[in-house]
Amino acid sequence: MSRRGRWRHAFLLGVITLYSLFPIYFITVQSLKTPEEDVFGSPLWVAEPTFENYTELFERGEAQVRGYAILPKVPFVVWLANSAVVLAASVALTLACAVPAAYAIGRLRPTGWRWWRRGLFATYVVPQTILFIPMYQVVLALGLDDSPAALVVIYSAMALPFCIWLLSAYYGNLPREIEESALIEGATRLTAFRRIMFPMSRNALVASGLFTLGTVGQDYMLASIFLLDRYKQTVAAGLGVMDVSLEELVAVAGVNMAAIPVVILCALFARGYVRGLTAAMVEGA
Amino acid sequence: MSSYQPEAAIRSSGVAVSGVRRSRAVQVARRRDAWVAYALMAPALAIVAVVMAYPVAWEVWTSFTAFSVRDEGRAFVGVANYRAMLADTRFWYALVVTIVYFAVTTGMKLALGLGMALLLVRPSRLRGLVFLAVFLPWAYPGGVTVVAWYWMLNPPLITSYSLLAGNIKHAVDGVLGAGAWAFISVALFNVWRGGSFTAVFLLAGLNAIPTELFDYAALETRNGWQRLRHVTLPLLRPFMALAIFLSFTTAFADLANVWMLTGGRIIFPVIGTYAYWLGIRNGQFAEAAAWSLSLVPLLAVALLVLFRWFDRRAEQPA
């Protein structure tokens, strides 16, 4: 690459970094402002940062007075814990169901295997709009009313088609010799899978897990519909009930607090995510 | 259909196979494999069926009845709801807006995603950090971030930039009609987040293309644009198809989130939010079901195209 080309490349990399980070920077700057600075300061930076909006999330008690309004305190720590549980359970349930199904579709290839995974993928076509009304009936029938378990099942159902698609492509593309050599050695199918194929598919599993995480993170609607008890809500459901005009900066602080663990997870696994997608779609190894 | 030969399983059991015995053994093994396969698929299918089967059936059935808060009898009315919908000018307006919204946001996501992926695929010392930055918009929990984003672009109180935001809002609304800025701000969020997803997806696709192909292409083509058009884009097609389809499904979710968050005050003129409005605000469940199902034919066509693009590649021998 020529020298000019290299500078241009570095410049463009800078541009896409700014573009990607600016919205997050912008909301974070606002959330660090005092009420005075929110009105009179500059929108682009903060002169006297305060963590007031953040600490407010963790204060105990039931209500507080701000100005003339009485604002209820929020059980933010409970929400964070609930979100973590829902997230972990969704990822676990999705992977636990996706891996055997993907192995079956990709390796055992029952009649019409291609249509099984296509059929699963086709569920993404169903418009979610008013689907929550009959879904509520299902949730009631299962006895999961006002329980995070309802969300776990629904999120898994939303993430499963993609994860099965991805993992079955991965297992299907693996060279057959890998499995056969183990079978010739006398290993059972299960051992061959557990010892060889499953560890090999690590990156594809990471990709599926992160996709599930993205699915869970994207939802606000279902969480707000299915979780009504303040102490059973996730961060998304909880922040949604805040008063827009009085507490928007507190809510932004809540978004950032909830994002920190997710961002750390993603930073740890981002490389594996790309490798997993690549491996699943093409070479299979 | 199935090209799988479970010979390995037979060899492993130590059976000397030849002639007739072999073919019967293969048959038995294949039948057993099929049962194992169904058993392994059962948990996943059960979850998807529990969550989707009854609700979808309910929605389709409801769209053929007169079910609403005023009429809980659920009398069967045939296609009356659909006929009323097709005669409604609001429907055609919403359909056009929906299609334009999907097309514009998806096009922007693809363009941005492709650009970012092409920049990231070139080796550079900064690549790791820039990659994380590009990954971040998607990683940030979208369901709540869209709220923060929405409030930032439509500030509710007098903040330091309310005047500026107000001016933009009035300028945009003046040209495109009331509520246009609110709509555009959500669309921008969707592009920001979806572009990041597409970039990572296409980067994975670019990584999958053998480098020799690019070296060869560099000899055969005159410039970068030609290479992009004749080599890179065709090879990326299955990845783009998948990214486009997933973009469709998220494009609406963001609007729905904001709609719910603002308590239904803002009506975006797209099919989905009208359906919400009919169903939740007006209690016309049957009409709402018909409206929301109206997009299924379009999405189904998109899905079939995706399957063609995606599976043809998968069928090639590795």
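All chains use their own residue numbering, which begins from 1 and follows the written sequence. A letter from A marks each chain and a number from 1 marks each ligand, given out in the order of writing. Under the rules for a predicted model, residues below a pLDDT of 70 receive no local features and side-chain atom pairs below 80 are neither given nor counted, while totals for whole chains, interfaces and linings still include all residues.

### Remarks on the overall build of chain B
Of regular secondary structure, chain B possesses 13 helices and 0 strands. Here a strand is any run of E in DSSP of at least two residues, a helix any run of H or I of at least four, and the numbering for each starts at the N terminus. Start at the N end of chain B and walk to the C end: the helices and strands fall as α-α-α-α-α-α-α-α-α-α-α-α-α. Exposure in this text rests on C-beta crowding, where 20 or more other C-beta atoms within 10 Å of a residue's own make it buried, 12 or fewer make it exposed, and counts in between make it partly exposed. The C-beta atoms are placed from the backbone. The buried share of chain B, reckoned over its 318 residues, is 41%. Note that contacts rest on C-beta atoms placed from the backbone: two residues are in contact if these are within 7 Å. Pairs at least 24 apart in sequence give 65% of the contacts found in chain B among residues at least 6 apart.

### Observations regarding the overall build of chain A
A count of helices and strands for chain A gives 13 helices and 2 strands. Split into buried and exposed, the 285 residues of chain A put 49% on the buried side. Considering only intrachain contacts with a sequence separation of at least 6, the fraction spanning at least 24 residues in chain A is 72%.

### Some thoughts on the interface of chain B and chain A
Counting from both sides, the interface comprises 93 residues of chain B and, opposite them, 92 residues of chain A. Take the side of chain B that touches chain A: its biggest share by element is 19 residues, from helix α2 (residues 19–62) of chain B. Residues that form the side of chain B that touches chain A fall into these classes: 71 nonpolar, 17 polar and 5 charged. Here the nonpolar group is Ala, Val, Leu, Ile, Met, Phe, Trp, Tyr, Cys and Pro; Asp, Glu, Lys and Arg are the charged ones; every other residue, Gly included, is treated as polar.

### Some words on unusual backbone geometry
Residue and element names in this part refer to chain A. Even without being a glycine, R109 presents a positive backbone phi close to 45 degrees. Note that R109 resides in the loop between α4 (76–108) and α5 (113–121). Taking the number of C-beta atoms within 10 Å as the measure of exposure, R109 has 22 and is therefore buried.

### A few points about the domain arrangement of chain A
Accessible area lost upon the coming together of the parts serves often as the stated size of an interface. For chain A, the domain assignment lists domain 1 (3–72) and domain 2 (76–243 + 260–281). Here the C-alpha centroids of domain 1 of chain A and domain 2 of chain A sit 32 Å apart. Where a domain begins and ends is set by an automatic assignment or by a domain database.

### Structural notes on the nonpolar core
Side chains of nonpolar character tend, in soluble globular proteins, to be buried together. Residue and element names in this part refer to chain A. The biggest cluster of nonpolar side chains holds 173 residues, and the ones touching the most others in it are L160, I164 and L167. With 19 residues, the top contributor of residues to this core is helix α7 (residues 148–173). When sequence neighbours within four positions are dropped, the list of residues in contact with L167 reads A98, V99, A102, S201, A204, S208 and A280. Buried Ala, Val, Leu, Ile, Met, Phe, Trp, Tyr and Cys residues form a nonpolar core when they are connected through C-beta atoms within 7 Å.

### Observations concerning the confidence of the model for chain A
The score called pLDDT rates the predictor's confidence residue by residue, from a low of 0 to a high of 100. In the predicted model, chain A carries a mean pLDDT of 85, and 91% of its residues have values of at least 70. Put simply, strand β2 (residues 69–72) of chain A is where chain A has its lowest mean pLDDT, 62, and α4(A) is where it has its highest, 93.

### Concerning helix α11 (residues 271–281) of chain B
Residue and element names in this part refer to chain B. Most of α11 sits inside the fold, with 8 of its 11 residues counted as buried. Looking at α11, one finds that the buried residues are I271, G272, T273, Y274, A275, Y276, L278 and G279. Downstream of α11 by a residue or two, G283 has a phi angle that is positive, lying close to 70 degrees.

### Here's the deal with the packing of helix α8 (residues 176–184) of chain A against helix α9 (residues 189–200) of chain A
All names here are of chain A. To define axes, lines are fitted to C-alpha atoms, for helices over the stretch in contact only, and angles between the resulting N-to-C directions are given on a 0 to 180 degree scale. Relative to each other, α8 and α9 sit at 140 degrees, their axes nearing to 10 Å. The orientation of α8 with respect to α9, classified from their angle, is oblique. In terms of crossing hand, the pair formed by α8 and α9 is right-handed. Across the interface between the two elements, I178, E179, A182 and L183 from α8 touch A192, I196 and M197 from α9. Partitioning the contact of α8 with α9 into residue classes produces 6 nonpolar, no polar and 1 charged. What sets the label is the angle itself: under 35 degrees gives roughly parallel, over 145 gives roughly antiparallel, 65 to 115 gives roughly perpendicular, and the rest give oblique. When the near helix sits turned anticlockwise from the far one by under a right angle, the crossing is termed left-handed; a clockwise turn instead gives a right-handed crossing.

### With respect to the environment of A:A237
Here A:A237 lies in helix α12 (residues 235–240). Measuring from C-alpha to C-alpha, the distance between A:A237 and A:L213 comes to 16 Å, with 24 residues separating the pair along the chain.

### A closer look at α5(A)
Turning to α5(A), its buried residues are A:W113, A:W116, A:R117 and A:L120. Within α5(A), the buried residues cover an arc of 85 degrees as seen down the axis, which keeps them to one side. Relevant arc is that of directions from the helix axis to the C-beta atoms, nothing else.

### Structural notes on the packing of α4(A) against helix α10 (residues 202–218) of chain A
All names here are of chain A. Axis separation between α4 and α10 bottoms out at 9 Å; the angle between their running directions is 135 degrees. It follows from the interaxial angle that α4 and α10 lie oblique. Crossing angle aside, the handedness with which α4 passes α10 is right-handed. Packed against α4, whose contacting residues are V86, L87, S90, V91, T94, L95 and A98, the element α10 presents L205, S208, G209, T212, L213 and V216 at the interface. A breakdown of the residues in the contact of α4 with α10 according to their chemical character gives 8 nonpolar, 5 polar and no charged.

### Topic: the environment of A:V85
All names here are of chain A. Turning to its location among the elements, V85 is positioned in helix α4. Among the residues examined, V85 registers 14 C-beta atoms within 10 Å and is labelled partly exposed. Along the sequence, V85 and R8 sit 77 residues apart, while their C-alpha atoms lie 45 Å from each other.

### Some remarks on the environment of B:A117
All names here are of chain B. Mapped onto the elements, A117 comes out in helix α4 (residues 89–121). Along the chain, A117 and L203 lie 86 residues apart, while their C-alpha atoms are 4.8 Å from each other. Setting aside chain neighbours within four positions, we find A117 in contact with A199, L202, L203 and L206.

### What about the confidence of the model for chain B?
Residue and element names in this part refer to chain B. Residues at a pLDDT of 70 or more form 87% of chain B, whose mean pLDDT is 81. For chain B, helix α1 (residues 7–12) is the element with the lowest average pLDDT, namely 47, and α4 is the one with the highest, namely 92. Confidence over residues 1–17 falls short of pLDDT 50; this stretch has 27 contacts with residues more than four positions distant or in other chains. Per-residue pLDDT stays below 50 along residues 314–318; that stretch engages in 3 contacts with residues further than four places along the chain or on separate chains. In the predicted complex, the global pTM is 0.87; the interface-specific ipTM is 0.86.

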